[in-house]
Amino acid sequence: QVQLVESGGGLVQAGGSLRLSCAASGRTLSSYAMGWFRQAPGKEREFVAGISWRGGNSYYPDSVKGRFAISRDNAKNTVYLQMNSLKPEDTAVYYCAAARTSRVVTTTLEYRYWGQGTQVTVSS
């Protein structure tokens, strides 16, 4: 079993930056690909970043490409999401997740463990 706890969310003005962290306990993350998703009110959960088990591969949808960066520190059992040039449409609850595989995947069904989420609000 893996427990994931996100932190670093908050309120930021448009154009600002936030760095989210996801700390794992209960089991090492080093064999799992990791991902970040977000969910805005009334919308489906959306994939925003993924990273392979060693960190050599990452993937982003066009909506965040060039603004968000995912990274991981397997020694610390932690995954990060650096978010720059934030927009009001980035407002959502952000979730960290551990995949069922070591390669980057993008759908919710391919992720086994989920955190509770952290709120990110971007004001205009």
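The structure presented is a predicted model; accordingly, all values stated were derived computationally and were not measured.

Draft legend 1. Looking closely at the overall build of the protein chain. Across its full length, the protein chain holds zero helices and 11 strands. Going residue by residue from the N terminus, the α and β elements of the protein chain occur as β-β-β-β-β-β-β-β-β-β-β. Relative to the globule expectation of 14 Å for 124 residues, the C-alpha radius of gyration of the protein chain, 13 Å, shows essentially globular dimensions. Across its three principal directions, the C-alpha atoms of the protein chain cover 40 × 25 × 25 Å. For the protein chain, the residues scored as buried account for 43% of the 124 residues in total. Intrachain contacts of the protein chain at a sequence separation of at least 6 include 59% that bridge at least 24 residues. Of the accessible surface of the protein chain, which amounts to about 6,300 Å², a share of 46% is contributed by carbon and sulfur atoms.

About the criteria used
- Residues numbered from 1 in each chain as written.
- Predicted model: local features only at pLDDT ≥ 70, side-chain atom pairs only at ≥ 80, totals over all residues.
- Heavy atoms only, no water.
- Helix = DSSP H or I, 4+ residues; strand = E, 2+ residues; numbered from the N terminus.
- Rg over C-alpha atoms; globule rule 2.2 N^0.38 Å.
- Buried < 20%, exposed > 50% of the residue type's maximum accessible area, 1.4 Å probe, protein only.
- Contact = heavy atoms within 4.5 Å.
- Areas by Shrake-Rupley, 256 points an atom, 1.4 Å probe, with all protein chains shown as cover.

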